[in-house]
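# Report on the structure
In case you want the letters, here they are:
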Amino acid sequence: MILTAQQGKGQKIHILLDGEYRLTTNQEFWLTCGLFSGMEIDEASFETFAAMVEENKAKQKALRLLEMRDHCERELASKLVRGGFSREAAQAAATRMVELGLVNDEAYAHSLADELFRRKGFSPARIEQELVSRGVARDTAYEAAHEIEGDPLARLDTLLETKYVGSYKGTEKDRRRVANALQRLGYSFADIRRAMEEHGMWQVEYEP
């Protein structure tokens, strides 16, 4: 089979086999891949080249994703797979980002744990759950969640003071609403009751 490279728009290079279009890559990658237009190539060698092209595209996509926000390795690979890349290309791209120092699961976990604690008021248990759901290893998630700077019980008190005390009507329905909202943030029933009692929110008035 004869491999042909045709210049496309901008930096695009279209690759053909025996005159039939097969894939598109970029000029930089094409100039460094070791192939040339007009050469003979067998199917196995072309498939290896095609896999290299896909991996290169996955790396470029990974860089764009990391420009928007940090990711952990597993999350980045999963997002690339959802974007249409093979698992092999996605994992190779994510691994390369780790090697370049652009992805660091431990730093990502600690940064996100701090954000979830301060901005959303999540408890350590809820933070750990969220980190694991994003692809952070459970031991790393546990460490990050339980090493946050700040007292979770004090954060619970602050949540009550800033979000609920002012609108609290003292009914059973209202007490359940507040308690359920705080449980969704990961706080235990015992801690919620203690905090609400301290704010005078556990004694329920008669609701007709």
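For the structure itself, consult the block above.
What comes next is a walk through the structure. (Residues numbered from 1 in each chain as written. Predicted model: local features only at pLDDT ≥ 70, side-chain atom pairs only at ≥ 80, totals over all residues. Heavy atoms only, no water.)

Across a sheet, paired strands are connected by hydrogen bonds in the backbone, their directions being either parallel or antiparallel. Here we have 3 strands laid out as an open sheet, ordered 1-2-3, and antiparallel in their pairing. Single-partner strands in this sheet number two, and they are strand 1 (3–7) and strand 3 (20–26). Adjacent strand axes in the sheet meet at a mean angle of 30° when their direction is disregarded. Helix 2 (residues 43–68) rests against strand 1, strand 2 (12–17) and strand 3 of the sheet, and its axis sits at about 40° to strand 3. (Pairing = 2+ DSSP bridges. Helix = DSSP H or I, 4+ residues; strand = E, 2+ residues; numbered from the N terminus. Axes fitted to C-alpha atoms, helices over the stretch in contact; angles between N-to-C directions. Contact = heavy atoms within 4.5 Å.)

Enumeration according to the criterion identifies 3 aromatic pairs in this entry. When the centroid spacing of 6.2 Å and the interplanar angle of 70° are considered together, the rings of Trp 30 and Phe 49 count as edge-to-face. Placement of the pair is Trp 30 in helix 1 (residues 27–32) and Phe 49 in helix 2, with a sequence separation of 19 residues. Phe 49 matches Trp 30 in its accessibility class, with the two residues each being buried. With centroids separated by 6.0 Å and ring planes inclined at 55°, the aromatic side chains of Phe 46 and Phe 49 adopt a geometry described as tilted. Of this pair, Phe 46 and Phe 49 both sit in helix 2, 3 residues apart, roughly one helical turn. With respect to class, Phe 46 is no different from Phe 49; both count as buried. (Phe/Tyr/Trp six-rings, centres within 6.5 Å; stacked < 30°, edge-to-face > 60°. Buried < 20%, exposed > 50% of the residue type's maximum accessible area, 1.4 Å probe, protein only.)

Core analysis: the biggest nonpolar cluster contains 31 residues, and Ile 127, Leu 131, Leu 160, Val 178, Leu 182 and Met 196 have the highest contact counts within it. Secondary-structure elements contributing two or more residues to this core are helix 5 (105–120), helix 6 (124–133), helix 7 (138–145), helix 8 (152–164), helix 9 (172–184) and helix 10 (189–198). The element best represented in this core is helix 5, accounting for 6 residues. Val 178 has contacts with Leu 160, Tyr 164, Tyr 168, Met 196 and Met 201, leaving out every residue within four places of it along the chain. (Core = buried A, V, L, I, M, F, W, Y, C linked by side-chain atoms within 4.5 Å.)

Here Leu 76 shows up in helix 3 (residues 73–82). Along the sequence, Leu 76 and Ala 90 sit 14 residues apart, while their C-alpha atoms lie 8.0 Å from each other. The residues contacting Leu 76, other than those within four sequence positions of it, are Ala 62, Leu 65, Leu 66, His 71, Ala 94, Met 97 and Val 103.

Contact geometry of helix 8 with helix 10 gives a least axis separation of 10 Å together with a crossing angle of 50°. Between helix 8 and helix 10, the angle is such that the two are oblique. Relative to helix 10, the crossing made by helix 8 is right-handed. Packed against helix 8, whose contacting residues are Leu 153, Leu 156, Asp 157 and Leu 160, the element helix 10 presents Asp 191, Ile 192, Arg 194, Ala 195, Met 196 and Glu 198 at the interface. (Parallel < 35°, antiparallel > 145°, perpendicular 65-115°, else oblique. Left-handed = near helix turned anticlockwise from the far one by under 90°.)

Where strand 1 meets strand 2, 5 bridges bridge the pair, whose relative direction is antiparallel. In the strand pairing of strand 2, Leu 3 is matched with Leu 17. Linkage of strand 1 to strand 2, two consecutive antiparallel strands, is achieved through a turn of 4 residues, within which Gly 10 is found at a positive phi near 60°.

What follows concerns a nonpolar patch on the surface. On the surface, Leu 63, Leu 100 and Leu 102 cluster together to form a nonpolar patch covering roughly 240 Å² of accessible area. Secondary-structure assignment places Leu 102 in the loop between helix 4 (87–99) and helix 5. (Patch = residues over 30% accessible without salt bridge, like charges linked within 9 Å, V, L, I, M, F, W, Y side chains within 5 Å. Areas by Shrake-Rupley, 256 points an atom, 1.4 Å probe, with all protein chains shown as cover. Salt bridge = Lys/Arg side-chain N within 4 Å of Asp/Glu carboxyl O.)

Right, let's talk about the pattern of salt bridges for a bit. Note that side chains of opposite charge can pair when their charged atoms are close. One pass over the full model with this rule turns up 16 salt bridges. In this structure, Arg 119 engages Glu 115 in a salt bridge whose closest nitrogen and oxygen atoms are separated by 2.9 Å. With Arg 119 and Glu 115 both in helix 5, this residue pair falls 4 residues apart, about one helical turn. The class of Glu 115 is partly exposed, set by a relative accessible area of 34%.

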